[in-house]
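These are the residues of each chain, in order.
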Protein chains: 2
Amino acid sequence: MLSKKFCVTLSPPHLGDNRADAPRLLAALPVDGSVAIPLAVLRRISEPLRTGGWQVTAALCRTKCGWRLQDVEPGDTTARHFGLAVDVGTTTVAVAIVDLSAKRKVAVATEENRQVSVAQDILTRLWTAAEPDGRAMLQSLIAETINEATAAAAAEAGIHPQEITAVAVSANTGMVHLLLGLDPSRIYCEPYIPVVTAPDLLRAQDIGLAVHPEAVVYFLPGVGSYVGGDAIGGVLVSGLHRQEEITLFVDIGTNVEIILGNREWLVAAAGAAGPALEGGVVAQGMRALPGAIKRVHIDPDTQRVTYEVIGGGKPRGICGSGVVDALAGMLLSGIIDRAGHFRDGRNAFLVAPGSETATGQDIVITQQDIKNFLRTKGAVNAAVETLLAAVGLNPREIARFYAAGAFGTHLDVEAAVTLGLYPDLPRDRIVSLGNSALEAARLALLSEEVREELRTIIAQITYIELNANADFMARFAGSQFFPHTDISLYPTVAEKLRAAGLLKK
Amino acid sequence: MLSKKFCVTLSPPHLGDNRADAPRLLAALPVDGSVAIPLAVLRRISEPLRTGGWQVTAALCRTKCGWRLQDVEPGDTTARHFGLAVDVGTTTVAVAIVDLSAKRKVAVATEENRQVSVAQDILTRLWTAAEPDGRAMLQSLIAETINEATAAAAAEAGIHPQEITAVAVSANTGMVHLLLGLDPSRIYCEPYIPVVTAPDLLRAQDIGLAVHPEAVVYFLPGVGSYVGGDAIGGVLVSGLHRQEEITLFVDIGTNVEIILGNREWLVAAAGAAGPALEGGVVAQGMRALPGAIKRVHIDPDTQRVTYEVIGGGKPRGICGSGVVDALAGMLLSGIIDRAGHFRDGRNAFLVAPGSETATGQDIVITQQDIKNFLRTKGAVNAAVETLLAAVGLNPREIARFYAAGAFGTHLDVEAAVTLGLYPDLPRDRIVSLGNSALEAARLALLSEEVREELRTIIAQITYIELNANADFMARFAGSQFFPHTDISLYPTVAEKLRAAGLLKK
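Along each chain, numbering runs from 1 in the same order as the chain's sequence is written. For this description, chains carry letters from A and ligands carry numbers from 1, given in the order in which they are written. Whole-chain, interface and lining totals are the exception, using all residues; otherwise, since this is a predicted model, local features are given only for residues with pLDDT of at least 70 and side-chain atom pairs are given and counted only at 80 or more. To get the side-chain values, all heavy atoms of the structure are used, and hydrogens and water are removed first.

What about the overall build of chain A?
Logical step 1: The secondary structure listing takes helices from DSSP runs of H or I that are at least 4 residues long and strands from runs of E that are at least 2 residues long, numbered from the N terminus. Looking only at helices and strands, one finds 15 helices and 21 strands in chain A.
Logical step 2: Radius of gyration: over C-alpha atoms. The globule rule applied is 2.2 Å multiplied by the number of residues raised to the 0.38 power. Over its C-alpha trace chain A gives a radius of gyration of 26 Å, about what one expects of a compact globule, namely 23 Å for 505 residues.
Logical step 3: Overall, the C-alpha framework of chain A stretches about 95 × 50 × 45 Å when taken along its three principal axes.
Logical step 4: Only protein chains enter the calculation, and the probe is 1.4 Å; a residue is then buried if its accessible area is under 20% of its type maximum, exposed if over 50%, and partly exposed in between. Split into buried and exposed, the 505 residues of chain A put 60% on the buried side.
Logical step 5: A fraction of 67% describes how many contacts in chain A between residues 6 or more apart in sequence connect residues 24 or more apart.
Logical step 6: Carbon together with sulfur atoms contributes 53% to the accessible area of chain A, which is approximately 18100 Å² in total. We call two residues in contact whenever any of their non-hydrogen atoms come within 4.5 Å of each other. Working definition of accessibility: Shrake-Rupley area with a 1.4 Å probe, residue cover restricted to the visible protein chains.

Structure follows, in structure tokens:
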């Protein structure tokens with residue numbers, strides 16, 4: 001547990017025992033190791049000792065080597081003790097409030113990352129943060145986003161954010177720099193050196209988080225500029241580092257982060273994935289929110305389109321899973337070829353006519369949209385293959401596949417395999433982890449063992465830098481085909497295409 | 001050493017070694033134990049690594065259980081490394097700048113404590129600080145005083161205050177509370193409980209000290225509300241805790257702090273001493289500054305007065321040592337009796353007529369001044385005797401006497417014994433330690449062993465509370481005689497009085 005509460009009863013002072021308040025309190029605390037008292041806390045310990053009739057509850061948090069006193073409250077308040085798990089995504093911030101005494105999640109909330117107002121993509125933000133002013137602006141924007149999400153979750157849970165004394169954060173290395181207000185300018189130029197990948201425990205007030213000012217903030221450790229704590233958290237949740245068979249873990253966001261290995265070895269790599277699949281790839285793309293088309297079915301014979309809208313009603317746009325459904329359908333019904341070109345020369349495919357949409361505008365997938373998707377998919381394939389080549393593995397040796405990230409949650413696995421976004425494995429070997437970064441943060445909040453396990457994973461991983469890798473660039477260029485240039489890697493897709501007469505026997 | 005500097009050379013990063021800046025630096029530091037990096041420091045480590053061509057100097061300070069990074073500078077700056085020793089007195093603040101690489105004092109300065117503008121006596125200040133506003137005001141006043149003295153000393157030493165990365169503070173417990181901004185209201189009412197007597201190491205910026213913001217601040221530990229780190233520092237400097245013979249240590253300020261014992265046992269006590277002897281007891285009293293009468297001689301036969309002025313020239317007032325000289329002379333030439341009354345019924349004694357003074361006013365010692373002095377002296381005697389009684393010792397068993405405090409520095413030992421302020425011991429057994437509080441701070445700045453020794457002294461001391469001690473009150477009332485009600489405790493004084501026909505055979 002990052003933060004603990006202890007209710008203790010002290011012997012009241014008298015002339016025969018006139019120890020000062022601080023040592024009197026510390027002597028009563030049932031913890032091993034030294035307990036530091038920050039000045040701000042020392043300034044307010046005396047009052048509760050007396051108003052509580054010498055029965056008080058002390059909140060303590062871990063330090064590098066011991067404990068730090070966070071607060072002292074009169075009486076027994078051990079039942080009210082909360083933590084915050086945070087997934088700081090480039091596009092979305094998700095928080096979960098955890099009851100630390102009951103050890104259960106009591107509320108969750110998500111907010112769009114306010115930094116999006118500065119730039120959709122993280123590289124532009126890192127570039128902006130190279131200057132002190134931009135850095136300060138982006139730092140406060142992300143802090144505000146977290147605070148807003150936290151306030152919403154706290155309201156739902158019926159607690160005050162000040163009751164949160166521990167925070168665990170999952171984020172990619174770039175976002176960690178933006179949240180800490182660190183100069184990220186060396187992350188995006190060779191040799192891609194971050195200031196830090198595993199920050200020390202710090203205090204909420206140091207980064208403007210509106211929880212208890214002395215709340216301890218833990219960051220899940222990352223391994224490099226492009227494989228951050230969010231991906232490592234995913235590995236933890238997947239448990240691939242404990243499995244015997246070779247497993248591929250992929251987190252597709254604006255970056256693609258890949259970890260490959262098993263309980264004996266782990267390699268990691270990352271690359272820019274082009275436009276975010278969370279709706280970023282298509283003109284009318286949107287996040288998976290009410291009003292988004294999340295499912296698309298195209299009848300191979302009639303090419304008639306049917307779709308599902310999140311929350312029902314008229315569609316306002318289409319989200320990543322809808323795009324993947326649509327493209328898979330377009331491929332299997334011969335509307336586009338494996339290179340992504342419209343076979344009949346048209347330049348857009350109509351998913352929903354304006355007459356059916358909330359905006360009155362057609363929701364279409366254009367040639368440009370397809371190019372964008374292929375860029376992203378191609379980056380994923382290239383990264384995976386470069387990593388496999390680097391460790392001398394054949395794609396066929398991958399026994400299990402984990403997809404992390406909010407994107408993976410709604411995705412139709414069959415469609416993802418059809419497009420070559422996911423490998424062509426027995427479907428029960430393909431697991432969508434959902435928001436494993438947030439789950440990992442929740443686990444780290446509750447257990448020192450989990451934090452130790454994260455350190456172990458970090459120590460095992462070999463990080464391979466793809467940004468400067470010529471092999472990656474070549475594969476990237478060569479991998480923009482559905483499902484892949486080498487169709488033999490996708491037997492079930494080849495079979496479907498043949499069945500549809502779209503691939504020669 | 002509270003703070004250390006290390007010059008290290010790092011291997012520059014490349015694609016094959018893309019560790020982040022922080023772990024790269026930490027790996028190069030030759031220290032055992034964990035090194036924490038405060039966010040403020042983490043935010044600026046990357047630049048110097050590069051401007052210094054991967055050769056940098058890191059400043060680290062001790063923490064409760066390891067090290068904390070204070071700063072990183074390009075190149076080798078190990079030669080410029082400074083510490084500050086501070087004696088925070090109720091009336092005067094003294095600082096010494098210490099060159100931590102050369103281990104020597106390079107400049108000293110003193111300032112009048114700006115809190116004097118609020119109140120001369122510390123009890124009024126503690127009372128004022130019971131309210132948050134008063135507390136904040138007194139905290140900034142003392143911080144300003146220290147900063148002003150530090151700026152003066154830094155200018156003299158030719159350094160910038162920002163180059164000071166370690167501070168050691170000697171102060172009584174009340175002043176510690178005022179400097180830390182702690183509520184001192186329970187110090188002055190039974191059972192006299194301070195918030196803290198041995199504060200944790202903290203950072204200069206936490207209390208507004210204008211040195212390096214990450215400078216570590218160490219407070220000499222005290223043992224109770226009225227025996228503070230300044231007195232314990234005096235014990236350290238005197239070495240009485242290592243001696244075989246029973247020694248009495250007295251620090252006379254606005255409080256009298258007494259420590260009695262030897263290498264086997266130590267007892268401590270304290271009591272309000274009435275007006276400060278640093279000139280506080282008499283109407284025209286002043287601190288021992290240029291223009292103060294520091295020596296007075298009265299011819300027993302002619303009662304003619306001669307005096308010495310600090311810095312020469314015309315006198316502006318009279319300081320403690322001058323008052324003691326004058327009163328001893330007045331007693332031995334029969335001008336006042338042992339109760340302090342003028343034998344010839346006059347109500348004042350003329351030390352310097354207005355015609356000789358800088359102000360044009362007579363410098364006199366009035367009946368009221370004598371009463372004040374007796375109050376202070378009586379408090380010292382009463383405290384000593386109560387403590388002796390408490391441990392069942394006879395005054396004659398005291399083998400050695402140490403006088404601490406600026407006051408002791410200029411005092412004429414013979415006169416102090418004559419008045420009963422000091423015990424009547426062979427004069428070579430009476431040692432004036434001067435400002436032992438400042439000296440102790442200087443030693444603590446330089447050595448972990450010294451800080452360990454201070455902890456040991458604290459652990460050995462038994463603190464006896466006199467404020468609520470009826471015995472003390474009785475002795476206080478009964479001890480307002482020159483040199484003492486029991487003249488037999490002062491054989492050499494009795495001899496002088498007899499020789500002068502002022503005491504019956």
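What follows picks up the thread again.
Here's the deal with the interface of chain B and chain A
Frequently, the measure chosen for interface size is the accessible area removed from exposure when the parts meet.
Logical step 1: Taken together, the contact pairs 43 residues of chain B with 43 residues of chain A.
Logical step 2: By buried area we mean the combined loss of accessible area, with a 1.4 Å probe, across both parts when two parts are placed together. Summing both partners gives a buried area of about 3300 Å² for chain B against chain A, and 61% of it is carried by carbon and sulfur.
Logical step 3: Salt bridges are identified by distance alone: a Lys or Arg side-chain nitrogen within 4 Å of an Asp or Glu carboxyl oxygen. Inspection of the chain B/chain A interface yields two salt bridges.
Logical step 4: Of the charged contacts in the structure, one is a salt bridge between Arg186(A) and Glu47(B), with a shortest N-O distance of 3.0 Å.
Logical step 5: We call two N or O atoms a polar contact when they sit within 3.5 Å, provided that within protein one can donate a hydrogen and the other can accept it, with sequence-adjacent residues counted only if both atoms are side-chain atoms. For the pair chain B and chain A, the interface holds 14 residue pairs in polar contact (both at pLDDT 80 or more).
Logical step 6: Among the elements of the structure, helix 1 (21-28), strand 2 (35-36), helix 2 (39-42), helix 3 (46-51), strand 9 (202-203) and strand 21 (461-465) of chain B are those that each provide at least two residues to the side of chain B that touches chain A.
Logical step 7: When residue character is reported, Ala, Val, Leu, Ile, Met, Phe, Trp, Tyr, Cys and Pro are called nonpolar, Asp, Glu, Lys and Arg charged, and the others, Gly included, polar. In terms of residue class, the side of chain B that touches chain A is built from 24 nonpolar, six polar and 13 charged.

Concerning the environment of Pro491(A)
Logical step 1: For Pro491(A), the location among the structural elements is in helix 15 (residues 491-499).
Logical step 2: Taking the C-alpha atoms as reference points, Pro491(A) and Ala22(A), 469 residues apart in sequence, are found 70 Å from one another.

Points about the UniProt feature "domain: RACo linker region" (unreviewed entry) in chain A
Logical step 1: UniProt positions are given in the numbering used here, feature names are shortened, and annotations may be inferred rather than shown by experiment. In this numbering, the UniProt entry assigns the feature "domain: RACo linker region" (unreviewed entry) to residues 4-78 of chain A.
Logical step 2: When the span residues 4-78 of chain A is considered, its composition is 24% helix and 35% strand, and the gap between its end C-alpha atoms is 9 Å.

Here we look at the relation of the copies chain B and chain A
Logical step 1: Turning chain B through 180° and shifting it by 0.0 Å along the axis lays it on chain A, with an RMSD of 0.0 Å. Look at the turn and shift together and you get a two-fold axis relating the two. Minimal C-alpha separation from the rotation axis in chain B is found for Cys65(B), amounting to 3.2 Å.
Logical step 2: With an isologous cut-off of 70% or more, the 100% of interface residues of chain B that recur at the interface of chain A puts this contact in the isologous class. Overlaid copies result from least-squares superposition on C-alpha atoms, with residues included only where pLDDT is at least 70 in both.

Focus: the side chain of Thr165(B)
All names here are of chain B.
Logical step 1: On the secondary structure map, threonine 165 appears in strand 8 (residues 164-171).
Logical step 2: A polar contact of 3.0 Å, which involves the side chain of threonine 165, links it to the side chain of serine 3.
Logical step 3: Beyond its immediate stretch of four places on either side in the chain, threonine 165 contacts Ser3, Gln70, His81, Phe82, His212, Ala215 and Val216.

So, the packing of helix 7 (residues 229-238) of chain A against helix 12 (residues 436-446) of chain A
When two helices pack together, their arrangement is captured by the angle between the axes and the distance separating the axes.
Residue and element names in this part refer to chain A.
Logical step 1: Packing of helix 7 against helix 12 leaves a shortest axis separation of 8 Å and a crossing angle of 75°. With respect to helix 12, the axis of helix 7 lies roughly perpendicular. Counting all contacts with helix 7, which are made through Asp230, Gly233, Gly234, Leu236 and Val237, the residues of helix 12 involved are Ser436, Ala437, Glu439, Ala440 and Leu443.
Logical step 2: Class assignment for the residues of the contact of helix 7 with helix 12 results in five nonpolar, three polar and two charged. Lines fitted to C-alpha atoms define the axes here, with helix axes fitted over just the stretch in contact, and angles between the N-to-C directions of these axes take values from 0 to 180 degrees. Roughly parallel covers angles under 35 degrees, roughly antiparallel covers those over 145, roughly perpendicular covers 65 to 115, and oblique covers all other angles.

Section: the pairing of strand 8 of chain B
Residue and element names in this part refer to chain B.
Logical step 1: Most of strand 8 sits out of view: eight of its eight residues are buried.
Logical step 2: Across seven bridges, strand 5 (residues 82-88) lies against strand 8 in parallel orientation. What sits directly across from valine 88, in strand 8, is alanine 171.
Logical step 3: Pairing between two strands requires that DSSP report at least two bridges joining them. Both strand 8 and strand 10 (residues 216-219) contribute to a ladder of four bridges, which runs parallel. Within strand 10, the residue paired with valine 169 across the bridge is phenylalanine 219.

Let's talk about the domain arrangement of chain A
Logical step 1: Those domain boundaries reflect an automatic or database domain assignment. Here chain A is described as being made up of domain 1 (3-74), domain 2 (82-219) and domain 3 (276-372).
Logical step 2: Taken over C-alpha atoms, the centre of domain 1 of chain A sits 61 Å from the centre of domain 3 of chain A.

Details of the UniProt feature "domain: RACo-like middle region" (unreviewed entry) in chain A
Logical step 1: Mapped onto this numbering, the UniProt entry annotates "domain: RACo-like middle region" (unreviewed entry) at residues 82-243 of chain A.
Logical step 2: For the annotated span residues 82-243 of chain A, helix accounts for 31% and strand for 23% of the residues, and the straight-line distance between the end C-alpha atoms is 33 Å.

Thoughts on the pattern of salt bridges
Residue and element names in this part refer to chain A.
Logical step 1: Scanning the entire structure with this criterion turns up 62 salt bridges over all chains.
Logical step 2: Glutamate 439 is the partner of arginine 442 in a salt bridge, and the nearest nitrogen-oxygen pair spans 2.9 Å. With arginine 442 and glutamate 439 both in helix 12, this residue pair falls three residues apart, about one helical turn.
Logical step 3: Owing to a relative accessible area of 16%, arginine 442 belongs among the buried residues under this scheme.

Observations concerning helix 12 of chain A
Logical step 1: Counting buried positions over the eleven residues of helix 12 of chain A gives nine, a clear majority of the element.
Logical step 2: Taken residue by residue, helix 12 of chain A has Ser436(A), Ala437(A), Leu438(A), Ala440(A), Ala441(A), Arg442(A), Ala444(A), Leu445(A) and Leu446(A) as its buried positions.

Topic: the sheet that holds strand 8 (residues 164-171) of chain A
Strand pairing in a sheet relies on backbone hydrogen bonds. The paired strands run either parallel or antiparallel.
Residue and element names in this part refer to chain A.
Logical step 1: Taking strand neighbours across the sheet as the criterion, the six strands line up as 7-6-5-8-10-9 in an open arrangement whose pairing is mixed. The open sheet is flanked by strand 7 (104-112) and strand 9 (202-203), the only strands paired with a single partner.
Logical step 2: Pairing of strand 5 (residues 82-88) with strand 6 (residues 92-99), which is carried by seven bridges, proceeds in the antiparallel orientation. When the sheet's bridge partners are listed, aspartate 87 is paired in strand 6 with alanine 94.
Logical step 3: Contacting strand 5, strand 6, strand 7, strand 8 and strand 10 (216-219), helix 12 runs over the sheet at an angle of about 150° to strand 5.

Here we look at the packing of aromatic side chains
Residues and elements named next belong to chain A.
Logical step 1: Working definition: a ring pair exists when centres of Phe, Tyr or Trp rings (six-membered ring for Trp) sit within 6.5 Å. Plane angles under 30 degrees give stacked, over 60 give edge-to-face, the rest tilted. Counting across every chain of the model gives eight aromatic pairs over all chains.
Logical step 2: Look at tyrosine 192 and tyrosine 226: their rings are 6.3 Å apart centre to centre, the planes differ by 70°, and that puts the pair in the edge-to-face class. One end of the pair, tyrosine 192, is in the loop between helix 6 (173-180) and strand 9; the other, tyrosine 226, is in the loop between strand 10 and helix 7, and 34 residues separate them in sequence. Of the two residues, tyrosine 192 and tyrosine 226, both sit in the buried class.
Logical step 3: Comment: the charge-over-ring label is applied if NZ (Lys) or CZ (Arg) is within 6 Å of the ring centre and within 35 degrees of the ring normal. Lying across the ring of tyrosine 218, arginine 451 places its NZ or CZ 5.9 Å from the centre.

A word on the sheet that holds strand 16 (residues 317-318) of chain B
All names here are of chain B.
Logical step 1: If you walk across this open sheet you meet the three strands as 15-14-16, and the pairing is mixed. Of all strands in the sheet, those bounded by a partner on one side alone are strand 15 (305-309) and strand 16.
Logical step 2: Of the pairings in the sheet, the one linking strand 14 (residues 292-298) to strand 16 comprises two bridges and is parallel in character. Bridge pairing in strand 16 links isoleucine 293 to isoleucine 318.

Examining the state of the cysteines
All names here are of chain B.
Logical step 1: By disulfide we mean two sulfur atoms from cysteines, separated by a distance within 2.5 Å. For the structure on display, the rule yields one disulfide over all chains.
Logical step 2: The closest cysteine sulfur to the non-disulfide-bonded cysteine 7 is located on cysteine 61, 19 Å from its own sulfur.
Logical step 3: Residue cysteine 7 is classed as partly exposed on the basis of its relative accessible area, which comes to 29%.

Some thoughts on the pairing of strand 14 (residues 292-298) of chain A
Residues and elements named next belong to chain A.
Logical step 1: As defined by bridge partners, strand 14 adjoins strand 15 (residues 305-309) across five bridges and the pair is classed as antiparallel. Each bridged residue has a counterpart across the sheet, and for isoleucine 293 the counterpart in strand 15 is valine 309.
Logical step 2: Connecting strand 14 to the next strand, strand 15, in antiparallel fashion are six residues, including glutamine 303 with a positive phi near 60°.

Overview of the side chain of Ser3(B)
Residue and element names in this part refer to chain B.
Logical step 1: By secondary structure assignment, the location of serine 3 is in strand 1 (residues 3-9).
Logical step 2: Judged by its relative accessible area of 0%, serine 3 falls in the buried class.
Logical step 3: What serine 3 contacts, discounting residues up to four positions off in sequence, is Leu60, Cys61, Gln70, His81, Leu100, Thr165 and Ala166.

Examining unusual backbone geometry
Residues and elements named next belong to chain A.
Logical step 1: Of note, the bond from phenylalanine 482 into proline 483 is cis; its omega dihedral lies within 30 degrees of zero at -20°.
Logical step 2: Of note, proline 483 is situated in the loop between helix 14 (470-478) and helix 15.
Logical step 3: A positive phi angle, near 60°, is found at glutamine 303, a position not held by glycine.
Logical step 4: Looking at where glutamine 303 falls in the secondary structure, it is placed in the loop between strand 14 and strand 15.

Overview of the confidence of the model for chain A
Logical step 1: The share of residues in chain A with pLDDT of 70 or more is 97%, and the mean pLDDT across the chain is 92.
Logical step 2: For this predicted complex, the interface confidence reaches an ipTM of 0.90, while the overall pTM sits at 0.90. As a per-residue measure, pLDDT tells how confident the predictor is, with possible values from 0 to 100.

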